[in-house]
Amino acid sequence: MTRQHGKAAPRSVAIVGTRGYPSYYGGFETAVRRLAPFLADNNWNVVVYGRPGATRNDDPSTHPSVQTVETRGISSNSLSTLSFGLTSVIHAVRHKPDVTLVMNVANGFWLPLLKLRGIRTVVNVDGIEWHRAKWGRLAKAVFRWGARLTAKHADHLVFDARAIQDFWLREFGRDGTFIPYGGDPVPDLPVESGLSSGKYVLMVARFVPENSVSEFFKASVGLAESGIDVVIVGSSGSDGGPLDDQARELDAAFPTIHWLGHLSDDQRLFSLWQHAGAYFHGHSVGGTNPALVQAMAAGAPVVARDTVYNREVLGDTGIFCEPSANDIARSIRDMLDNPGDASVKAVERSRLHYGWDGVCADYETLLKSDALS
């Protein structure tokens, strides 16, 4: 490596496949908000590619040394990832960073362009997108094809869950490195106005079928009728949808059901997790879910849909249920009535296995690894 005035020259990394920095859309964006500043503080030149209008330019926590580049693309459910990914990769090819961290296997189509330019690639494969109910047949085929190209062309793969790592080894014959998402320790925060600490039920989720949203809505009716406060955080996105309509109707019909929509205020969301009597996590597809990890770090007593991914993350710290309104409601009542030390155990498990400092350090170790040379 070259040296400048006795100091190692900065390495350069381009991050492709998210909505940008800083953005609060989902798990990839959460990871980039923590990883990009970490790398910048450790003598990396960091460029994060994003989409116009998808970032918070007034965010006071923005790291001044993280460079951002917005490229053009087609803003549609079926073409956004592919089109913005392509224009980001074309820009990266021109500027040739030492390594590119690529988020999402849909960008596997563009890995050969980076390879031709001699740019090393690390791909976070995310979950198994072609198993998600929200995608149509064509989109599922695109994700699966992208996964095959990722398996063929990526220099290294990152899996956010052991179960995802096992799947890729079975399905595509590719192994890689396990690096989960992290959670932030949460100080004591005031309870949300109008709620009582430990007495309400919380759900935080994007409104898509695989997150058990409709089943939770049905369970909420019985809970609300018995006087239990139910807080719903999430939406289908800017265009809305049937589940948004249902949430709005529930909010109007029951004084104890509170739909807050999408929240980008971390402190408010952390407070909701910290003071919840039960947090329902209904995600069924994917690996380590960022919302679940952060809920644990905040001390939320978790009731989770019974999946291999949720069991991997929670261990013995939560209650697992089937995706039916009756079982969700029963499990939530069990947690409210008998919380035990679920909150303490969740915080401790998050601290031991899902701290952001360790996550970011693992990414840096991989990005500068000789294995990518």
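The rules we used
Here the residue numbers are simple positions, counted from 1 along each chain's written sequence. In keeping with the model being predicted, local features are shown solely for residues with a pLDDT of at least 70 and side-chain atom pairs are shown and tallied solely at 80 or more, while totals for entire chains, interfaces and linings include all residues. As a rule here, side-chain values cover all heavy atoms of the structure and leave hydrogens and water aside. Accessibility here uses a 1.4 Å probe with only protein chains present; expressed as a share of the type maximum, an area under 20% marks a residue as buried, one over 50% as exposed, and anything in between as partly exposed. Segments assigned H or I by DSSP are reported as helices when at least four residues long, segments assigned E as strands when at least two residues long, and all are numbered from the N terminus. Joining through side-chain atoms within 4.5 Å is the link that ties buried Ala, Val, Leu, Ile, Met, Phe, Trp, Tyr and Cys residues into a set, and such a set is a nonpolar core. At least two bridges found by DSSP between two strands are what make those strands a pair. To get an axis, fit a line to the C-alpha atoms, keeping to the stretch in contact for a helix; angles then go from 0 to 180 degrees between the N-to-C directions. Whether two residues are in contact is decided by their heavy atoms: any pair within 4.5 Å suffices.

Right, let's talk about the pairing of strand β10 (residues 200-204) for a bit. Residues in a regular strand project their side chains so that they alternate between the two faces of the sheet. The buried count for β10 comes to five of five residues, which makes it a mostly enclosed element. Burial of the side chains of β10 extends over both faces: Y200, L202 and V204 are buried on one face and V201 and M203 on the other.

Our focus in this paragraph is the nonpolar core. If you look at the biggest cluster of nonpolar residues, it comprises 35 residues, and the most contacted ones within it are W130, I164 and W168. Of all elements in the fold, only β3 (11-16), β4 (44-50), α2 (80-95), α3 (111-116), α4 (137-153), β8 (156-159) and α5 (162-172) reach the threshold of two or more residues within this core.

Let us look at the sheet that holds strand β12 (residues 257-261). The six strands lie next to each other as β12-β11-β10-β13-β14-β15, forming an open sheet whose pairing is parallel. Only two strands of the sheet have a single neighbouring strand rather than two, namely β12 and β15 (319-321). Each strand axis lies, on average, 20° off the axis of its neighbour in the sheet, ignoring direction. Where β10 meets strand β11 (residues 229-233), five bridges bridge the pair, whose relative direction is parallel. From the neighbouring strand, Y200 faces β11, where its bridge partner is D229.

With that settled, the discussion passes to the environment of D266. With respect to the helices and strands, D266 occurs in helix α8 (residues 266-275). Considering only alpha carbons, one finds D266 and Y24, 242 residues apart in sequence, at a separation of 9.2 Å. Excluding residues that lie within four positions of it along the chain, D266 makes contacts with Y24 and R33.

Right, let's talk about the sheet that holds β3 for a bit. Taken in spatial order, the seven strands line up as β5-β4-β3-β6-β7-β8-β9 in an open sheet, and their pairing is parallel. Two strands bound the open sheet, and with one partner strand each, they are β5 (67-70) and β9 (177-178). As paired elements, strand β7 (residues 120-124) and β8 share three bridges and run parallel to each other. Counted as the bridge partner of V122 is H156 from β8. Taken strand by strand, α5 contacts β8 and β9, and its axis lies near 140° from that of β8.

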